[in-house]
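An overview of the molecular structure
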Amino acid sequence: MAAGGEEHAWGGPPTARCASRAPPGTTCSSTPSGGCETGRVRPSGAAGDGANSPGMLIMSPVTSATSDTAPPPPHSEAVRYGWPLPRRRGAYLTGTVGPDRLGGLDAARGLALLGMMAAHVGFTTCGLTSLSGVLNQAHGRSAVLFAVIAGFSLGIMSGRTRPHTGEALVRTRLRILVRCALLLVLGTCLAVLGPPVGVILGYYAAWLALALPFLGWRPRSLFVLAAVTAAVGPVIKIGLPVVLDSLGMTAQPFLMDGNIAVISFFITGLYPGALWMAYIFLGLGLSRLDWSRSRNLWRLAAVGYGGGWTASSAVDPDGPDPYRLVSPAEPAQCSTGSGRLDPAVGARSGRAGSSVGSDAAGFGAGSTPEPAAGPAPSADPIESAPGDGEGTDAGGGKGAVGASAPFSLKSLATAGPHTDTPFEAVGSGGTAMVAFALLQLLSRRLRRLIAPLAAVGSMSLTVYCGHVLAAWALLTWTDALSSKSNLAWGAMSIGFVAFAMAWFAVFARGPLEHLVHVISVRATRARR
């Protein structure tokens, strides 16, 4: 999803890309700025040919290559800037790019969406011997996979393996800023409904804007930055509020207005950017590499799985471990529970599934989860904060809601989902790399097999907003989320997959993706 509606391809020689866009009777050549210069093919013997050999191409500006009644070429201004949804012209699920579109990336994005649905409305348990156990793998990882793909999408928008420079880079940054503003608006519209999920769009807007200065960095530098962020970010997250308290200030003022937005987005929010920017940098770095060779994809999968296994083994080698993809020998070793948000808490619950089950049962503190008979108490900081609603100073500085938790590095000794630790970053980030690598490998030979995932991933912004609305409706008007079954998840997943596949049989972009695309390109279009 990321910025919504980005078009992506492997790249290839600029001249070849321009030639594929040339209208009949014309030819194109690439310009130094990355654009295409269109010329007309002058037949041999025409006036002005002089001593040119038969069939030589003479480049001259072409103002109009098609008639008023002929349909515009796929990459004309009518498609790029027009409000009408573009129709599908090429192969299925290739958008407006063509066969070079990254099917594996779309499928990975679709997998993340179905995983977020499972985390939000699914009933999950432990192990891999049942559907509920398989769906448990979605907790934490689906959101991280989404964030890594957001960083990859930034790289696509900024030139992939040939990063934009000069004026092209400036225009790309402006387009991304416009998209960030639109994501913030959409996130606000969803949040005011009070859905039973933590809306991530506003955080995306902040992260993508913060990543703009790094669009020109080399892959190795981006990977180093991601590693440093993953190591230092969690310490900043738990340490900065304590430091502010000691200085008589607070990271959670009583008046929660817009002035605290930066701290919320990067320190105290549900998805603190102090750590989650590591996933953006990881995805951006991956987008700059050449994934046209299967060998590189297999290496990525090996590195990703090795990182996840190492992270989980380092913190709890004897406990039930979701990264090893094996079921515990005894069911009692599993942390049971509904795995979905507590309806009694509603929108003030934690992130995807983190208000119940293992996340709220002390897992974030590095303890071994105990069997639970039902939903655990809410992990919402609003409900558990001392002094909530009193408006008094509880040791957290003037106007503080409550005192910050004591600083303790032991709280980072876990790889559990949504614990925001370096071990979780390595584990979930590694899982994201495995998912992308394997799905990209599958897309080369079994493109039709992953078509359902790719269809959902191709309209990720539309499906994400739709599933939040669906979860809100289920909680508001039904009791479907109170049953220990996955019927709600199954119906939601099948419904969105069917809708996406039917949509792309006719159109080249999703509805919200097209809206974001047109507004962003029009806002940065140079007027003559």
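Residues numbered from 1 in each chain as written. Predicted model: local features only at pLDDT ≥ 70, side-chain atom pairs only at ≥ 80, totals over all residues. Heavy atoms only, no water.

Digging into the overall build of the chain
Inclusion rule: Strands are runs of DSSP state E lasting at least 2 residues, helices are runs of H or I lasting at least 4, and numbering of each runs from the N terminus. Using a 1.4 Å probe on the protein chains alone, a residue whose accessible area is under 20% of its type maximum counts as buried, one over 50% counts as exposed, and one in between counts as partly exposed. In what follows, residue pairs with any heavy atoms lying within 4.5 Å of each other are defined as contacts.
If you tally the helices and strands in the chain, you get 17 helices and 2 strands. Split into buried and exposed, the 528 residues of the chain put 48% on the buried side. Within the chain, contacts between residues at least 6 apart in sequence are counted, and of these 73% link residues at least 24 apart.

Some details on helix α10 (residues 273-287)
Our working rule: Working rule for helices: expected span equals 1.5 Å times residues minus one.
Here α10 contains 15 residues, and its C-alpha end-to-end distance of 20 Å stays within 8% of the 21 Å for a straight helix at 1.5 Å per residue. Across the 15 residues that make up α10, a large majority, 15, are buried.

Here we look at the pattern of salt bridges
The condition is simple: Throughout this description, the term salt bridge denotes a Lys or Arg side-chain nitrogen within 4 Å of a carboxyl oxygen of Asp or Glu.
In this structure the tally under the stated criterion is 2 salt bridges. A salt bridge links D106 to R109; the nearest nitrogen and oxygen atoms lie 3.0 Å apart. One end of the pair, D106, and the other, R109, are both in helix α3 (residues 103-121), 3 residues apart, so they sit about a helical turn from each other. A salt bridge links R171 to E167, with the nearest nitrogen and oxygen atoms 3.5 Å apart. Linking R171 with E167, this pair stays in helix α6 (residues 166-191), spanning 4 residues, or about one helical turn. The exposure class of R171 is partly exposed, given its relative accessible area of 34%. Judged by its relative accessible area of 61%, E167 is exposed.

Regarding the side chain of S443
Following the sequence through the fold, S443 ends up in helix α13 (residues 422-445). For S443, a relative accessible area of 5% translates into the label buried.

Some remarks on unusual backbone geometry
The residue R160 is not glycine, and still its phi comes out positive at about 55 degrees. Along the chain, R160 turns up in the loop between α5 (141-157) and α6. The backbone of D420 sits at a positive phi, close to 55 degrees, despite the residue not being glycine. Note on placement: D420 falls in the loop between α12 (381-384) and α13. For D420, a relative accessible area of 5% translates into the label buried.

Describing the state of the cysteines
For clarity, the cut-off: Throughout, disulfides are identified as pairs of cysteine sulfur atoms within 2.5 Å of each other.
Using the criterion set out here, one finds 0 disulfides in the structure. The cysteine C189 is free of any disulfide, with C465 supplying the nearest cysteine sulfur at 8.9 Å. On the accessibility criterion, C189 (45% relative accessible area) is partly exposed. A relative accessible area of 7% places C465 in the buried class.

Section: the packing of α3 against helix α15 (residues 460-477)
Helix-helix packing: each pair is described by the crossing angle between the helix axes and the interaxial distance. To keep it simple, the criterion reads: Axis definition: a line fitted to C-alpha atoms, limited for helices to the stretch in contact. Angles are taken between N-to-C directions and run from 0 to 180 degrees. Angles are sorted into four bins: roughly parallel if under 35 degrees, roughly antiparallel if over 145, roughly perpendicular if 65 to 115, and oblique for all others. In this count, Pro and Cys sit with the nonpolar residues alongside Ala, Val, Leu, Ile, Met, Phe, Trp and Tyr, while Asp, Glu, Lys and Arg are called charged and the others, Gly among them, polar.
Between α3 and α15, the least distance of the axes is 11 Å, while the angle of their chain directions is 10 degrees. As far as their axial angle goes, α15 and α3 are roughly parallel. For the pair α3 and α15, contact is made by R109, L113, M116, M117, H120 and V121 and by S460, V463, Y464, H467 and A471, respectively. Residue composition of the contact of α3 with α15, grouped by class: 7 nonpolar, 3 polar and 1 charged.

Some thoughts on a nonpolar patch on the surface
This is how the line gets drawn: Think of a patch as exposed residues, more than 30% relative accessible area, with no salt bridge, where like charges cluster within 9 Å and nonpolar side chains (Val, Leu, Ile, Met, Phe, Trp, Tyr) cluster within 5 Å. Here, Shrake-Rupley sampling with a 1.4 Å probe gives the accessible areas, and only protein chains in the shown set may cover a residue.
A cluster of nonpolar residues, V224, V228, V232, I236, L240, V243, L247 and M249, forms a patch on the protein surface that exposes about 650 Å² of accessible area. As for its position among the elements, I236 is in helix α8 (residues 219-246).

Focus: the nonpolar core
Rules: Buried Ala, Val, Leu, Ile, Met, Phe, Trp, Tyr and Cys residues that are joined via side-chain atoms within 4.5 Å together make up what is termed a nonpolar core.
Counting residues in each nonpolar core, the largest one holds 98 residues, and the members touching the most others are L201, W207, W276 and Y464. Ranked by residue count, the leading element in this core is α5, at 12 residues. Not counting residues within four places of it along the chain, the set of residues in contact with W207 comprises A147, I200, F265, F266, Y271, G273, W276, M277 and I280.

Comments concerning α3
Over its 19 residues, α3 runs 27 Å from end to end, which matches the ideal 27 Å to within 8%, given 1.5 Å per residue. For α3, the tally of buried residues reaches 18 of 19 residues, placing the bulk of the element in the interior.

Side note on the confidence of the model for the chain
For clarity, the threshold we go by: For every residue, the predictor states its confidence as a pLDDT score lying anywhere from 0 to 100.
Chain-level statistics for the chain give a pLDDT mean of 73 and a share of 64% at 70 or above. Counted against residues more than four places away or in other chains, residues 30-34, with its pLDDT under 50, gives 7 contacts. Across residues 37-74 the pLDDT falls below 50, and counting only partners more than four positions away or on other chains, this stretch makes 49 contacts in the model.

A look at the environment of T462
The condition that has to hold: We call two N or O atoms a polar contact when they sit within 3.5 Å, provided that within protein one can donate a hydrogen and the other can accept it, with sequence-adjacent residues counted only if both atoms are side-chain atoms.
Topologically, T462 is positioned in helix α15. In contact with T462, other than residues within four places in its own chain, are G510, P511, L512 and E513. At a separation of 3.2 Å, a polar atom in the side chain of T462 contacts the main-chain amide nitrogen of L512.

Comments concerning the packing of α5 against α13
Put simply, the rule is: Helix crossings are classified by the rotation of the near helix relative to the far one: an anticlockwise turn of less than a right angle makes the crossing left-handed, while a clockwise turn makes it right-handed.
Close contact between α5 and α13 brings their axes to 9 Å; oriented N to C, the two are set at 65 degrees. Overall, the two elements α5 and α13 adopt an arrangement that is roughly perpendicular. Crossing handedness for the pair α5 and α13: right-handed. Contact with α5, carried on its side by R141, V144, L145, V148 and F152, involves S428, G429, T431, A432, A435 and F436 of α13 and no other residues of that element. Per-class residue counts for the contact of α5 with α13 are 7 nonpolar, 3 polar and 1 charged.

Details of the packing of aromatic side chains
The condition is simple: Ring geometry is summarised as follows: Phe, Tyr and Trp rings, the Trp one being its six-membered ring, pair when their centres sit within 6.5 Å, and such pairs are stacked at plane angles under 30 degrees, edge-to-face over 60 and tilted between the two.
For the structure on display, the rule yields 16 aromatic pairs. An angle of 50 degrees between the planes, with centres 5.2 Å apart, marks the rings of F152 and F436 as tilted. Placement of the pair is F152 in helix α5 and F436 in helix α13, with a sequence separation of 284 residues. Of the two residues examined, F152 and F436, each falls in the buried class. Taking 5.2 Å as the distance between ring centres and 65 degrees as the angle between the ring planes, the aromatic pair formed by W472 and W477 counts as edge-to-face. Taking relative accessible area as the criterion, W477 reaches 64% and is therefore assigned exposed. Through a chain of ring-to-ring contacts, the aromatic side chains of F146, Y203, Y204, W207, F265, Y271, W276, Y279 and Y464 assemble into a single cluster.

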